[in-house]
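One letter stands for each residue in the lines below.
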Amino acid sequence: MKRRTLIQQISLLTVAFASISRAASAAPFPIKKTQEQWRELVSPAAFQVLFEESTEPAGSSPLNAEKRAGTFVCTACSLPLFSSAHKYESGTGWPSFWKPLEAAVGTKTDFKLIFPRTEYHCARCGGHQGHLFSDGPKPTGKRYCNNGVALAFVPEGQALPALRS
């Protein structure tokens, strides 16, 4: 088989797997907005990550160094996603957590790099947060590697923002 044909077939398979993954995981989310409505509510960088499943550059988020007690919420809809008690330094350059809050995130399989990865998103608005890996600390062994631009931090003692509708 020619190299060009092989590359074309791999590309087609990648697109097919991605389509199957999206269709299989298309879950209805409680909050529904158009792309334009989300663009009006979040920064361009947050929109790219949350709704186009982009990834911010490693080391670019100030939240990676956030050490205070508090809660990390979805930038798009303000759903609390992670407690600071579950944050740890993974050395990856992205804020990492070993456990999300109860019912805060959902997952789907992502084939963007050809091999399957587990992507996770906000359970309320569907905004892409990051990827889940099995190289985290005890007790879960999980690493929720999050894009900082997809999160907002609320220090302990401050009121959580109202959920966007």
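Predicted model only: the values in this text are computed from it and were never measured.

Enquirer: Run through unusual backbone geometry, naming residues and quoting values.
Expert: Cis geometry is adopted by the peptide bond preceding P139, which originates at K138 and carries an omega value of 10 degrees. Despite not being glycine, A103 has its phi angle at roughly 60 degrees, a positive value. If you trace the backbone, A103 turns up in the loop between strand 4 (96–97) and strand 5 (105–113).

Enquirer: Before we move on, could you go through the pairing of strand 8 (residues 143–146) and cite the residues and values that matter?
Expert: Here strand 8 shows two buried faces, one formed by R143 and C145 and the other by Y144 and N146. Across 4 bridges, strand 7 (residues 128–133) lies against strand 8 in antiparallel orientation. Along strand 8, the bridge assignment pairs F133 with R143.

Enquirer: I'd like a rundown of the environment of K142, residues and numbers included.
Expert: Structurally, K142 is set in the loop between strand 7 and strand 8. Note: C-alpha distance between K142 and L132 (10 residues apart in sequence) is 6.9 Å. Among residues more than four places away in sequence, those in contact with K142 are Y88, F97, W98, L132, F133, S134, G136 and P137. Among the polar contacts listed, one links the side chain of K142 to the side chain of S134, at a separation of 3.4 Å.

Enquirer: An account of the pattern of salt bridges is needed here, citing residue identities and associated values.
Expert: One pass over the structure, following the stated rule, counts 7 salt bridges. With a closest N to O distance of 3.3 Å, E36 and R39 form a salt bridge. Taken together, the positions of E36 and R39, both in helix 2 (residues 35–41) and 3 residues apart, correspond to about one turn of that helix. A relative accessible area of 48% places E36 in the partly exposed class. Taking the shortest distance from any N to any O, the salt bridge between R68 and E66 comes out at 2.7 Å. By relative accessible area, R68 is classed as partly exposed at 47%. In this structure E66 comes out as buried when scored by relative accessible area, which is 13%. In this structure, a network of salt bridges that share partners links the residues E36, R39 and E52.

Enquirer: Now, about the sheet that holds strand 1 (residues 70–74): what can you tell me, with residues and values included?
Expert: Pairing in this open sheet of 3 strands is antiparallel, and the strands run 2-1-9 from one edge to the other. Of all the strands in the sheet, the pair left with one neighbour each is strand 2 (80–83) and strand 9 (151–155). Recorded for the sheet is a direction-independent mean angle of 30 degrees between the axes of neighbouring strands. Across 5 bridges, strand 1 lies against strand 9 in antiparallel orientation. Counterpart to F72 in the pairing with strand 9 is F153.

Enquirer: Before we move on, could you go through the sheet that holds strand 8 and cite the residues and values that matter?
Expert: Pairing is antiparallel across the open sheet formed by 6 strands, whose spatial order is 3-4-8-7-6-5. At either margin of the open sheet sits one strand with a lone partner, and together these are strand 3 (87–88) and strand 5. Pairing between strand 5 and strand 6 (residues 115–122): 7 bridges, direction antiparallel. Looking at the pairing, L113 lines up with F115 of strand 6.

Definitions and cut-offs
- Residues numbered from 1 in each chain as written.
- Predicted model: local features only at pLDDT ≥ 70, side-chain atom pairs only at ≥ 80, totals over all residues.
- Heavy atoms only, no water.
- Helix = DSSP H or I, 4+ residues; strand = E, 2+ residues; numbered from the N terminus.
- Buried < 20%, exposed > 50% of the residue type's maximum accessible area, 1.4 Å probe, protein only.
- Pairing = 2+ DSSP bridges.
- Contact = heavy atoms within 4.5 Å.
- Polar contact = N/O pair within 3.5 Å; in protein donor to acceptor, adjacent residues only side chain to side chain.
- Salt bridge = Lys/Arg side-chain N within 4 Å of Asp/Glu carboxyl O.
- Axes fitted to C-alpha atoms, helices over the stretch in contact; angles between N-to-C directions.

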